[in-house]
Amino acid sequence: MAKSKVLIVGGTGYLGKRLVKASLANGHDTYILQRPEIGVDIEKIEMLISFKMQGAHLLTASFHDHRSLVDAVKLVDVVICAISGVHIRSHHILLQLKLVDAIKEAGNIKRFLPSEFGTDPARMENAMEPGRVTFDDKMVVRKAIEEAGIPFTYVSANCFAGYFLGGLCQIGHILPSTDSVVLLGDGNQKGIYVDEDDIATYTIKAIDDPRTLNKTLYLRPPKNILSQREVVQIWEKLIGKELKKSILSKEEFLAPINELAYAEQVGLCHYYHVCYEGCLVNFEIGEEGEEASTLYPEVNYTTVEHYMKRYV
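To keep things clear, this report deals only with the structure shown in the data block. Since the structure is predicted, the reported quantities are computational estimates derived from the model, not experimental observations.

Okay, the sheet that holds strand E10 (residues 215-218) next. Taken in spatial order, the three strands make up an open sheet running E6-E10-E13, and their pairing is parallel. At either margin of the open sheet sits one strand with a lone partner, and together these are strand E6 (153-156) and strand E13 (289-291). Adjacent strand axes in the sheet meet at a mean angle of 25 degrees, parallel and antiparallel pairs treated alike. Here E6 pairs with E10 via four bridges, running parallel. Along E10, the bridge assignment pairs Tyr154 with Thr216.

Here it is in structure tokens:
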């Protein structure tokens, strides 16, 4: 079976650049949307040229130019969108509605993977304000995709390792302390941590897989389903030292929320649901979903312990 031609939107971003590399590594004819809005961002331009030299094709198109989007989409079989959905960087989830319109008009796309890659928004209907905006916006995009009859795969990648493991699951930290750690609640709620390169690998494997068509792909590497305490224990073992621990109750965690900037409020809510409520693991994957490490046992995913070694 011929491999699909892939268009990656947001190919210079945190996850997008990894998706480009994984697509090229897997032998897909890979296209990257080059938006004129990139302006004089020299680092992104250099990255695009680097990808071009590795065999990727650059397509100039803009969310503000419907015809350019349609023309770009017509050249490929699969569209993956990786524009940012987190507020601390930027939040452009609803821009994808323009992409949905273009895909609908083009009529040739075998699969669309919208920008998800985090907590499954379909399970967050009771999320707190203002954090729920992320999930609500993603559900608006899902509704548009499904109403347009566009084939899809949603990827729920849970916790990006760089954001969670580096800071020992503490909000606002991306490097681990060798002295102390604040445990969120009792520190025993399980999270799921996935290396960003592994997220890209699993995603690219799924795009031509009939088992993931019109389903959610959950990334749950078995060895990486750990509590904050277990993550801290791995770190302590690596550095040969026990950290001083303090506990932050959920009331204390939420207390400063109204004094924070909007983006920080959203982030705080997301951490709350993961670290205090265990929202990533409090359900079974039903018939509407598949689990990545089960489907693709050949992927030698990065364990939490191996990932943490980079910080020693």
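A few words on the packing of aromatic side chains. Per the stated rule, a full pass over the model turns up 10 aromatic pairs. The interplanar angle of 50 degrees and the centroid separation of 6.4 Å between the aromatic rings of Phe164 and Tyr193 together place this pair among those described as tilted. Of this pair, Phe164 sits in helix H6 (residues 161-164) while Tyr193 sits in strand E9 (residues 190-194), and the two are 29 residues apart along the sequence. Residues Phe164 and Tyr193 agree in their burial class; the two are buried. For the pair Tyr272 and Tyr276, a centre-to-centre distance of 5.4 Å together with 25 degrees between the ring planes defines the contact as stacked. The same class applies to Tyr272 as to Tyr276, namely buried.

In this section: the packing of helix H1 (residues 16-25) against helix H7 (residues 196-206). Two numbers describe how H1 lies on H7: the axes approach to 8 Å, and their chain directions differ by 50 degrees. Regarding the angle of H1 to H7, the classification is oblique. Crossing handedness for the pair H1 and H7: right-handed. Seen from H1, the contacting residues are Arg18, Leu19, Ala22 and Ser23; seen from H7, they are Glu196, Asp197, Ala200, Thr201, Thr203 and Ile204. In terms of residue class, the contact of H1 with H7 is built from four nonpolar, three polar and three charged.

Let us now look at the pattern of salt bridges. In the structure shown here, the tally under the stated rule is 17 salt bridges. Here Glu105 and Arg67 are joined by a salt bridge, their closest N and O atoms 2.5 Å apart. Of this pair, Glu105 sits in helix H4 (residues 96-106) while Arg67 sits in helix H3 (residues 66-73), and the two are 38 residues apart along the sequence. With its nearest N and O atoms 3.8 Å apart, the salt bridge here joins Asp195 to Arg310. One end of the pair, Asp195, is in the loop between E9 and H7; the other, Arg310, is in the segment after helix H12 (304-308), and 115 residues separate them in sequence. You can call Asp195 buried: its relative accessible area is 7%. Each of Glu116, Asp120, Arg123, Arg142 and Glu288 takes part in one network of salt bridges that share partners.

Conventions used here
In this convention, every chain numbers its residues from 1, walking through the sequence in written order. For this predicted model, a pLDDT threshold of at least 70 governs which residues receive local features, and a threshold of 80 or more governs which side-chain atom pairs are given and counted, while totals over whole chains, interfaces and linings are taken from all residues. Excluding hydrogens and water, the side-chain values take into account all heavy atoms of the structure. In short, DSSP must find at least two bridges between two strands for them to pair. Every helix listed is a DSSP run of H or I at least four residues long, and every strand listed is a run of E at least two residues long, numbered separately from the N terminus. The axes used here are C-alpha line fits, helices contributing only the stretch in contact, and every angle between their N-to-C directions lies in the interval 0 to 180 degrees. The criterion for an aromatic pair is that two Phe, Tyr or Trp rings (for Trp, the six-membered ring) have centres within 6.5 Å, with stacked assigned to planes under 30 degrees apart, edge-to-face to planes over 60 apart and tilted to the rest. Burial classes follow relative accessibility: with a 1.4 Å probe on protein chains only, a residue under 20% of its type's maximum area counts as buried, one over 50% as exposed, and anything between as partly exposed. Each angle receives one of four descriptions, namely roughly parallel if under 35 degrees, roughly antiparallel if over 145, roughly perpendicular if within 65 to 115, and oblique otherwise. Here a crossing is taken to be left-handed if its near helix is turned anticlockwise relative to the far helix by less than a right angle, and right-handed if that turn runs clockwise. Only heavy atoms enter the contact rule, under which two residues are in contact if any of them lie within 4.5 Å. Charged means Asp, Glu, Lys or Arg here, nonpolar means Ala, Val, Leu, Ile, Met, Phe, Trp, Tyr, Cys or Pro, and polar covers whatever is left, Gly included. The salt bridge definition used is simple: a Lys or Arg side-chain nitrogen within 4 Å of an Asp or Glu carboxyl oxygen.

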